[in-house]
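Per-entry structural report
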Amino acid sequence: MTDAQETAADSSLRTTGGAPPDDVETAPTPLLEPRDGIPPVIADEEALAEMIAAYAAGTGPVAVDAERASGYRYGQRAYLVQLRREGAGTALIDPVACPDLSGLGAAIGDAEWVLHAATQDLPCLREIGMVPSRIFDTELAGRLAGFPRVGLGAMVESVLGYVLEKGHSAVDWSTRPLPEPWLRYAALDVELLVDLRDALEKELDRQGKLEWAREEFDAIASAPPAPPRKDPWRRTSGMHKVRRRRQMAVVRELWTARDKVAQRRDVSPGKVLSDGAIVEAALGLPPNVHALAALSGFGHRMGRRQLEQWQAAVDRAKALPDAELPQPGQTVTGPPPPRSWADRDPAAAARLSAARAAISSLAEQLNMPQENLITPDTVRRVCWEPPTPVDEASVSAALASHGARAWQITQVTPALVTALT
């Protein structure tokens, strides 16, 4: 970034939080092109070793991004990894051809990794051996700084004055070979990530929020992998229509059968059978293949063999003894849904109402989203079972027990003490 661009970006940040005033005419924003062209995709161990040596010798933060094939393939594995570092340039790696990137992870492990929406990419990077010790999340930084739009393209344009190429975010990144326009798009995702990081660091420091951001980044980098979801079939879209336990069993059997097929074929489960079709079968409880074929989602394009496989799943659910049917609802730890509080505990409902109003007001003062100031779940838990006695020490301890960071506790505790009393 040139001195002129840096001055303009800093001025834009200072005056508008990243957006020019409506009455100011702005010059057309230039479309960004890769500074070093599009690098060849690294797809063998020799090229990978050369790239690792170059990145180990590079300096400063490392911009990191990953592309998945959500909606096309089973799971959330990475199909392309992009990096950029001062002194090493941009690298594109095929993690299918090079599935073990632990050597790269070790070579840059002590550097700060700059990611946009880090929690989306870190799980798939961890699978291939890339685990950072320090991160800077430009999306989260934008939220804390009060930017109204925190997508990468929007932030690069408003802060740095460049337009990123659009249109390839939802493509099938498992395609081989990857088309050149896709590779250009992927390279641009890391082109200015470090420049964006530097500008956001200045803005967070100006607002007095830099240490807050660092606490958030440290929490993300040190968080353990998420445990597997219990009863993932309960997240089937349209599940709220399914009320009877026998119908729930049909959802469970069809979801499980679909998941096995999707995993075996390495395709997205939605491409095997839609959630809507699963719910239709659960509500209809078809007695045979003919009745199943008449339901939405099991149309004429589905072969007899497929229909028989889904009907078999329905039949298994219908044959289960009552004792093996799923119970309604998930086992939930913590407070009940807030909509039931007024009837179950009016005092708790009043505490929650006061706490929500206080948090909303404080978030507005601090110019950040409420959920980044403190998670709604934490607020609910503290309001449902407040500490006794209610004072700053006890509320601070309660917030800490639910995972709140030190900066959040400092900001939120006084407001919650007032709301709880």
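Residues numbered from 1 in each chain as written. Predicted model: local features only at pLDDT ≥ 70, side-chain atom pairs only at ≥ 80, totals over all residues. Heavy atoms only, no water.

**A short note on the overall build of the chain**
The criterion, for reference: In DSSP terms, a helix is any run of H or I states spanning at least four residues, a strand is any run of E spanning at least two, and both are numbered starting from the N terminus. The buried label applies to any residue whose accessible area, calculated with a 1.4 Å probe on protein chains only, is under 20% of its type's maximum; exposed applies above 50%, and partly exposed to all values in between. Each accessible area is a Shrake-Rupley estimate made with a 1.4 Å probe; only the visible protein chains count as cover when residues are assessed. The convention is simple: Lys and Arg are positive, Asp and Glu are negative, and His and the chain ends are not counted. Charge positions are represented by NZ for Lys, CZ for Arg, CG for Asp and CD for Glu.
In terms of helices and strands, the chain carries 20 helices and six strands. If one aligns the C-alpha atoms of the chain with their principal axes, the spans along those axes are about 70 × 60 × 45 Å. Across the 421 residues in the chain, those meeting the buried criterion constitute 46%. Accessible surface, the chain as shown: approximately 21100 Å² in total, 51% of it carbon and sulfur. Across the chain, the centroid of the 46 positively charged side chains sits 12 Å from that of the 56 negatively charged ones.

**Here we look at the layout of surface pockets**
The condition that has to hold: Put simply, the grid is 1 Å and covers the protein atoms alone, a cavity is a trapped set of points that fit a 1.4 Å probe, a pocket is an open set with protein on both sides within 12 Å along at least five of seven lines, and lining residues have an atom within 4 Å of a point. Grid points are joined across faces, edges and corners, and a volume is the space filled by probe spheres set on the points. Only Asp, Glu, Lys and Arg are considered charged, only Ala, Val, Leu, Ile, Met, Phe, Trp, Tyr, Cys and Pro nonpolar, and every remaining residue, Gly among them, polar.
One number sums up the size of the largest pocket: a volume of about 1500 Å³. Around the largest pocket sit 46 residues that line it, and T119, P123, A226, P227 and R229 are the ones nearest its centre. Broken down by secondary-structure element, the contributors of at least two residues to the lining of the largest pocket are α4 (118-127), α5 (138-145), α9 (210-222), α10 (245-265) and α17 (370-373). Counting residues per element, the lining of the largest pocket draws most heavily on α4, which supplies seven residues. Across the lining of the largest pocket, the residue classes tally to 18 nonpolar, 14 polar and 14 charged.

**Quick look at the pattern of salt bridges**
Just so we agree on the cut-off: Any carboxyl oxygen of Asp or Glu that lies within 4 Å of a side-chain nitrogen of Lys or Arg is treated as forming a salt bridge with it.
The final tally for this structure, using the stated rule, is 21 salt bridges. Ionic pairing is found between R206 and E203, a salt bridge with its closest N-O pair at 2.8 Å. Here R206 and its partner E203 are both found in helix α8 (residues 193-206), three residues apart, which amounts to about one turn of the helix. Relative accessible area serves as the criterion here: at 40%, R206 is assigned to the partly exposed category. You can call E203 buried: its relative accessible area is 2%.

**Considering the packing of aromatic side chains**
Put simply, the rule reads: Ring geometry is summarised as follows: Phe, Tyr and Trp rings, the Trp one being its six-membered ring, pair when their centres sit within 6.5 Å, and such pairs are stacked at plane angles under 30 degrees, edge-to-face over 60 and tilted between the two.
If you walk through the whole model with that rule in mind, you get five aromatic pairs. Aromatic pair W212 and W407: ring centres 4.7 Å apart, planes at 10 degrees, arrangement stacked. Of the two residues, W212 is situated in helix α9 and W407 in helix α20 (residues 406-420); the sequence distance between them amounts to 195 residues. Note on W212: relative accessible area 13%, which makes it buried. Residue class for W407 comes out buried when judged on its relative accessible area of 3%.

**Regarding the nonpolar core**
Under the convention used in this document: Only buried Ala, Val, Leu, Ile, Met, Phe, Trp, Tyr and Cys residues count toward a nonpolar core, and they belong to the same one when joined by side-chain atoms within 4.5 Å. Contacts are assigned to residue pairs that have any heavy atoms within 4.5 Å of one another.
Of all hydrophobic cores here, the largest spans 84 residues; its most connected members are M51, L83, I93 and L104. Excluding residues that lie within four positions of it along the chain, L104 makes contacts with M51, I52, Y55, L83, I93 and M130. Counting residues in each nonpolar core, the second largest holds 33 residues, with M248, A249, A277 and L295 among its members.

**Re the side chain of R84**
Quick reminder of the rule: Any pair of nitrogen or oxygen atoms within 3.5 Å is treated as a polar contact; in protein, a donor-acceptor pairing is required on top of that, and neighbouring residues in sequence qualify only through side-chain atoms on both sides.
You can see R84 is positioned in strand β3 (residues 78-86). Within polar-contact distance, the side chain of R84 engages the side chain of T90 at 2.6 Å.

**Structural notes on helix α2 (residues 45-57)**
Put simply, the rule is: Expected span of a helix: the number of residues minus one, times 1.5 Å. The arc in question is traced by the directions running from the helix axis to the C-beta atoms.
The end-to-end C-alpha distance of α2, which contains 13 residues, comes to 18 Å, matching closely the 18 Å that a straight helix rising 1.5 Å per residue would cover. Along α2, the positions that sit buried rather than exposed are L48, M51, I52 and Y55. Down the axis of α2, the sector holding all buried residues measures 105 degrees, keeping them to one side. For α2, the exposed residues set more than 90 degrees away from the buried face come down to E46, E50 and A57. Looking at the buried positions of α2, the neighbouring elements they touch are β1 (41-42), β2 (59-68), β3, β4 (89-93) and α3 (102-107). By the N-cap criterion, in which a side-chain oxygen at the helix start approaches the backbone nitrogen of a residue two or three places on, α2 is capped by D44, the distance to E46 being 3.1 Å.

**Here we look at the sheet that holds strand β6 (residues 134-137)**
In any sheet, the strands associate via hydrogen bonds between backbone groups, in a parallel or an antiparallel arrangement. Defined as follows: One bridge is not enough; two strands pair if DSSP finds at least two bridges between them. For helices, the axis comes from a line fit to the C-alpha atoms of the stretch in contact; other axes are also lines fit to C-alpha atoms, and the angle between any two N-to-C directions lies between 0 and 180 degrees.
Strand order in the open sheet formed by six strands is β1-β4-β3-β2-β5-β6, with mixed pairing between adjacent strands. Each edge of the open sheet carries a strand with a single partner, namely β1 and β6. Pairing analysis gives two bridges linking β2 to strand β5 (residues 112-115), with the strands arranged parallel. Bridge pairing links V62 to W113 in β5. On top of the sheet, α5 reaches β5 and β6; it is set at about 55 degrees to β6, its chief contact. Its contacts with the sheet place helix α7 (residues 180-191) against β1, β2, β3 and β4, and it is angled at close to 45 degrees to β3.

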